[in-house]
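# Descriptive analysis of the structure
Below are the chains, spelled out letter by letter.
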Amino acid sequence: MYLDVYIENSFLGNKTLTYQSGSHDVKAGMRVKVLMNNRELIGFVNQVYPPIPMDYEIAEIIEVLDDEPVINRELFELAEWMKDQTIAPMIRCLQTILPNKLRPKSNAKRIKTQRVVRRLHGDVQGLTLTQKQFLDQFRTDTTIPVKEAQKMYSGFRNLIDKGILALEDQEVIYESKPIVQQDAKYALTDAQSDILKRVHFNNAHTYLLHGVTGSGKTEIYLQLAHDVVSQGQQVLILVPEISLTPQMIDRVSTRFGEDVAIYHSALNDQEKYEQYMRVKRGDVNIVVGTRSAAFMPFQNLGLIVMDEEHDSSYKQENTPFYHTRDVAIHRSKYHKCPLVLGSASPALETYARALKGVYTLLELPERVNQTFPKVTVIDTRQALKNRASHLLTPTLLDGIYDRLQKKQQVMLLLNRRGYMTLLKDVNNEVIQCPNCDVSLNYHKDEASLKCHVCGYAAHHNTNTKGNQNIVGSGVGTQRLEEHLQALFPQARIGRMDADSTRQKNAHEKILNSFMNHETDILVGTQMIAKGLDIENVTLVGIINADTALAHTDYRAVELSFEMLLQASGRAGRGQYPGEVMIQTANPEHYAIQTAIHQKYKHFFKFEMNYRQIANYPPYRYLISIIFSDEDADKAFAAANGFVPFIEDPQIQQIGPVMLRRLNRRHRSRIILKGKDLDVMIAKTHQALELYKKINRTGVSVDVNPLTLE
Ligand code: ADP
């Protein structure tokens, strides 16, 4: 047979190569090992068909990696759709959709197997009582892992010689844990029940549930999920990476009395594979997971929930640059099931679509317990005038002191990790990463200078004041922690940022010790702004609300608003009233003013106005096309050479401009703007196809980029 195969080679784009199967038994959807330009590569079989006359010789594949196709029809079509929509090579889409162990990729690891003994139908006459008793164990299960068999009857190998048992390798299968159901369903408020009634099952439609933090959105998700599961259908609950806390997992699993499937980036490849297979076999009804859970192999999906739908972690920041919301909408159409997007601060484009009636808008304007924390905005310019610290202003310090006295807890948010964020050498030059055009950060705990983009690290010993050849400034979470410890020597301080959570389960440990009040103050980056629901936290301090507002990116203000709104919804869930203190040099900024008063609609109007004036999304669509090369001139020439290929009256081109060098690569970007995304996508596909024939510079395309930094 002949096979059309997608191969892991970026220059092939969406082309397949033809091989012949030889004596191998191959079906479409299986992975094969093939030779291409004398290299062994992994491919994915797209089509199998009888040989047709060709004027060149067709090579035979080397090996078939699977017994069964690794993907079903729905997910294969999803990959094809993603390839078209995100303008990415098909092989990259297949790799993204499949869990690592099933990926058509050279470094995909083998599935873990264990040695088991299988009961054959051999003659049991003449066996000893012990042997018969041992064989009785096989009644329900036809196989037993060798390790267990050894413990049950150490002489079991005799039975292999007699042909009654046989040894084989079997995939390790996840064993569900028993979970006690605690049906703590609340009697819904009127507002909640109205919403529940408005969501129709067995129908592909998108709803936006817009409700302030603590308004009872999660309760609605759970009750909807309950109805769907009782009809024998499956449910997918998508959450941002950071919200998938043990508390959340507990809340869902005890409600359903089921060991729900959990899928997120901290699982290792084997764990992911086992969770994936549970869903594929239909062993589990509910999946709670982050971005990649959107690709689970459901048979009969009845509901998709996407909590905190505005969260940036839903967008993948490398090829294919897909957004989980688009994948969720696509799957809801395929499975004819509702998709509920939930948020206190929906993405502008989502809210705009809901206002237009594309999505159904469902609103929960009130908190269940009716109270919002008190919000105080602290003008850091005032502190500077009074020669006080603008890092920890007197008002914030008094607040922290007061809570510590009362044995209550405090969260402090600072959006910079590391110790010092800007370093200069003897010549007063900023010390930059050798691979990227960004300044290095000093990490005191590891005594190193680090690049937060490419991970470059160099050992360096310095101190707060700097040593002879380096002077540092800027405060990161490590320095804040140290500073606080000096001011409050008795306080127990925890820190949560990308550095302190690098190890497996570290995130969970830091949170648990804060939940159990083993720490008094938790310092952290935006990681701590979301998803935490701790009764004893009565003060949340935002150290510097301006860092994000000062960014030049088109979504910077939206992101700051989201963060402030989320943080303002955190404190004050328990019996004590909560307070939020926001330090800023821009107290009158509309993002701050609307966030502290929980006025999403006002913010929406303001921000949409700016977007309209500047022709930014949601008024226009954007496609970003970046050409990169180690040689700056080549990168720029590539982008420049591409421009004529896009000429189209419906598409505005901006650039090319040179961007910061990252990971040793110089980058040149063109931005396309237009009103009709389909036209823009079609044109870009066509242009790339033609352009790749004359220029081989690396190119990456981001349709609907969330950042233009
Ligand atoms: P959100 O997801 O909007 O932040 P939650 O669903 O987590 O809100 O609800 C906020 C709090 O109110 C939670 O502690 C939850 O247990 C409680 N809650 C939700 N719905 C009800 C209800 N109908 N009656 C009483 N308490 C409720």
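This write-up is about the structure you can find in this document.

Rules used throughout
Every chain begins its residue count from 1, and numbering advances along the sequence as written. Local features in a predicted model are, by the rule used here, given only for residues with pLDDT of at least 70; side-chain atom pairs are given and counted only at 80 or more, and totals for whole chains, interfaces and linings are based on all residues. Side-chain metrics rest on all non-hydrogen atoms present in the structure, leaving aside hydrogens and water. Paired strands, as defined in this entry, are two strands with at least two bridges between them according to DSSP. By definition, any uninterrupted DSSP run of H or I lasting at least four residues is a helix, any uninterrupted run of E lasting at least two residues is a strand, and each is numbered from the N terminus. Angles here are taken between N-to-C directions and fall from 0 to 180 degrees, while the axes themselves are lines fitted to C-alpha atoms, restricted in helices to the stretch in contact. The contact rule is simple, with two residues in contact once any of their heavy atoms fall within 4.5 Å. Relative accessible area decides the class of each residue, using a 1.4 Å probe on protein chains only: under 20% of the type maximum gives buried, over 50% gives exposed, and in between gives partly exposed. Here, the arc refers to the directions that run from the helix axis to the C-beta atoms. Two helices crossing with the near one rotated counterclockwise from the far one by less than a right angle form a left-handed crossing, whereas a clockwise rotation gives a right-handed crossing. Proximity criterion: a residue is near a molecule or strand once any of its heavy atoms comes within 4 Å of it. Polar contact is defined as a pair of N or O atoms within 3.5 Å, subject to the rule that within protein one atom must be able to donate a hydrogen and the other to accept it, and that residues adjacent in sequence are counted only when both atoms are side-chain atoms. Under the convention used here, a 1.4 Å probe and the Shrake-Rupley method define accessible areas, while residue burial counts only the protein chains that appear. Lys, Arg, Asp and Glu make up the charged group, whereas Ala, Val, Leu, Ile, Met, Phe, Trp, Tyr, Cys and Pro make up the nonpolar group; the residues left over, Gly among them, are polar. Centre distance within 6.5 Å is the pairing criterion for rings of Phe, Tyr and Trp, where only the six-membered ring of Trp is used; planes under 30 degrees apart are then read as stacked, over 60 as edge-to-face, and the remainder as tilted. A ring is scored as having a charge over it whenever the NZ atom of a lysine or the CZ atom of an arginine sits within 6 Å of its centre and within 35 degrees of its normal.

So, about the sheet that holds strand β16 (residues 374–379). Overall, parallel pairing links the 6 strands, which are arranged β16-β26-β25-β17-β24-β23 in an open sheet. Only two strands of the sheet have a single partner each, and these edge strands are β16 and β23 (493–496). Averaged over all pairs of adjacent strands, the angle between strand axes in this sheet comes to 15°, irrespective of strand direction. Set on the sheet, helix α14 (residues 477–487) makes contact with β17 (409–413), β23 and β24 (521–524); between it and β23 the angle comes to about 175°.

With that settled, consider helix α6 (residues 190–198). Among all positions in α6, only Q192, I195 and L196 are buried. Projected down its long axis, α6 shows its buried positions confined to an angular sector of 100°, all on one face. Turned more than 90 degrees away from the buried face of α6, the exposed residues are D190 and K197. The secondary structure elements touched by the buried residues of α6 are β9 (205–211), α7 (217–230) and β15 (360–364).

Here the focus is unusual backbone geometry. Backbone torsion omega between T319 and P320 reads -5°, so that peptide bond is classified as cis. Looking at the secondary structure, you find P320 in the loop between β13 (301–307) and α10 (324–335). Backbone torsion omega between G655 and P656 reads 5°, so that peptide bond is classified as cis. With respect to the element layout, P656 can be found in strand β28 (residues 652–662). Within the chain, N37 stands out as a residue other than glycine whose phi angle is a positive 50°.

Geometry of a packed helix pair, given as the angle between the helix axes and the separation of the axes. Closest axis-to-axis distance for the α7/helix α8 (residues 246–256) pair is 11 Å, and the angle between their directions is 35°. Every pair of crossing elements has a handedness; the one defined by α7 and α8 is right-handed. For the pair α7 and α8, the contacting residues are T218, E219, L222, Q223, A225, H226 and V229 in the first and R251, V252, R255 and F256 in the second.

With that out of the way, let us pick up the site of the ligand. Y186, Q192, G214, K217 and T218 are the nearest of the 16 residues found near the ligand. Separating a nitrogen atom of the ligand from a side-chain N or O atom of Q192 is a distance of 2.8 Å. Take G214: an N or O atom from its main chain is 2.8 Å from an oxygen atom of the ligand. Expressed as a share of its isolated accessible area of 560 Å², the protein-covered part of the ligand is 78%. Broken down by element, the shell around the ligand gets its largest block of residues, 3 residues, from α7. A class-by-class count of the residues in the shell around the ligand yields 5 nonpolar, 7 polar and 4 charged.

So, on to the environment of V475. The topology assignment puts V475 in the loop between β22 (470–473) and α14. Judged by relative accessible area, V475 falls into the partly exposed class, the value being 22%. Linking V475 and L391, residues 84 residues apart in sequence, is a C-alpha distance of 8.4 Å. Aside from chain neighbours lying at most four places away, what touches V475 is L391, L414, R416, Y419, T421 and L480.

A few words now on the packing of aromatic side chains. As enumerated under the stated definition, the model contains 19 aromatic pairs in all. Seen from their ring centres, Y2 and Y49 are 6.2 Å apart, and the 75° between their planes marks the pair as edge-to-face. You can see Y2 sitting in strand β1 (residues 2–7) and its partner Y49 sitting in strand β4 (residues 39–49), a full 47 residues away along the chain. With respect to burial, Y2 and Y49 carry one shared label: buried. On the numbers, 5.3 Å between centres and 75° between planes, the contact of F642 with Y691 is edge-to-face. Taken together, the positions of F642 in helix α20 (residues 632–646) and Y691 in helix α21 (residues 677–694) put the pair 49 residues apart, joining distant regions of the chain. In this arrangement the basic side chain of K673 is found over the ring face of Y616, its NZ or CZ atom lying 4.4 Å from the centre.

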